[in-house]
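One letter stands for each residue in the lines below.
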Amino acid sequence: MLLFISGAEIFIILVIVVMLFGADKLPELARGLGKGMQQLKSATNEVKKEITESAKKQGIDTSLTSDIEKDIKNIKTKVKDNIDDMTGPIKRNL
């Protein structure tokens, strides 16, 4: 499920897009969308890089975020393992 849209709704949206733009324009639209997403990703990476560099220049410890990310991943793994342990017998019985 993508953005709370079901398969039937995606199909209807695709039909409407084909009706509006025509099948011959779809590859162009997809290419343009891909290029736009690529530009957005590169711009985001540039902003992240600039923020990191300016933080390092100012003497701000940037390892804090990586430590927090590691802690969150560890907690997430533990919670998932606990849930799997609790729901394992239930899943097997179904």
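Heads up: the structure comes first, above all this text.
Residues numbered from 1 in each chain as written. Predicted model: local features only at pLDDT ≥ 70, side-chain atom pairs only at ≥ 80, totals over all residues. Heavy atoms only, no water.

Novice: What is the right way to look at the overall build of the chain in this model?
Specialist: Counting its secondary structure elements, the chain contains three helices and zero strands. Helices and strands appear in the chain in the N-to-C order α-α-α. The C-alpha radius of gyration computed for the chain amounts to 22 Å, which surpasses the reference 12 Å derived for 94 residues by more than 25%, pointing to a less compact arrangement than a globule. With respect to the three principal axes, the spread of C-alpha positions in the chain is 55 × 50 × 15 Å. By the burial criterion, 3% of the 94 residues in the chain qualify as buried. When the accessible surface of the chain is summed, it comes to about 8,900 Å², and 65% of that surface belongs to carbon and sulfur atoms. (Helix = DSSP H or I, 4+ residues; strand = E, 2+ residues; numbered from the N terminus. Rg over C-alpha atoms; globule rule 2.2 N^0.38 Å. Buried < 20%, exposed > 50% of the residue type's maximum accessible area, 1.4 Å probe, protein only. Areas by Shrake-Rupley, 256 points an atom, 1.4 Å probe, with all protein chains shown as cover.)

Novice: Looking at this model, I keep getting lost on the environment of Ile72. Mind explaining?
Specialist: For Ile72, the location among the structural elements is in helix α3 (residues 63-93). By relative accessible area, which is 52% here, Ile72 ends up exposed. Between the C-alpha atom of Ile72 and that of Asp61, which follows or precedes it by eleven residues, the distance is 19 Å.

Novice: What exactly am I supposed to notice about the environment of Gln58 here?
Specialist: Tracing the backbone through its elements, the reader meets Gln58 in the loop between α2 (26-57) and α3. On the accessibility criterion, Gln58 (64% relative accessible area) is exposed. Measuring from C-alpha to C-alpha, the distance between Gln58 and Thr87 comes to 48 Å, with 29 residues separating the pair along the chain.

Novice: Sorry if this is basic, but what is going on with the environment of Thr52 here?
Specialist: By the secondary structure assignment, Thr52 is in helix α2. With a relative accessible area of 33%, Thr52 lands in the partly exposed category. Taking the C-alpha atoms as reference, Thr52 lies 43 Å from Val18; in sequence the two are 34 residues apart. In terms of polar contacts, Thr52 uses its side chain to reach the backbone carbonyl oxygen of Lys48, at 2.8 Å. (Polar contact = N/O pair within 3.5 Å; in protein donor to acceptor, adjacent residues only side chain to side chain.)

Novice: Hey, could you run me through α2 in this one?
Specialist: Along an α-helix, residues three or four apart share an orientation, since each turn contains 3.6 residues. Between the first and last C-alpha of α2 there are 46 Å, a value that for 32 residues agrees with the 46 Å anticipated at 1.5 Å per step. Of the residues trailing α2, Gly59 is marked for its positive phi of about 85 degrees. (Expected span 1.5 Å × (residues − 1).)

Novice: Help me understand helix α1 (residues 7-21) in this model?
Specialist: In this model α1 runs 21 Å from its N-terminal to its C-terminal C-alpha over 15 residues, within 8% of the 21 Å that 1.5 Å per residue would give. Once α1 ends, the next one or two residues include Gly22, with phi positive near 85 degrees.

Novice: What exactly am I supposed to notice about a nonpolar patch on the surface here?
Specialist: Together, Phe11, Ile12, Val15, Ile16, Met19, Leu20, Phe21 and Leu29 give the surface a local cluster of nonpolar side chains, amounting to about 830 Å² of exposed area. If one sorts the elements of the nonpolar patch by residue count, α1 sits on top with seven residues. With respect to the helices, strands and loops of the structure, Ile12 is situated in helix α1. (Patch = residues over 30% accessible without salt bridge, like charges linked within 9 Å, V, L, I, M, F, W, Y side chains within 5 Å. Salt bridge = Lys/Arg side-chain N within 4 Å of Asp/Glu carboxyl O.)

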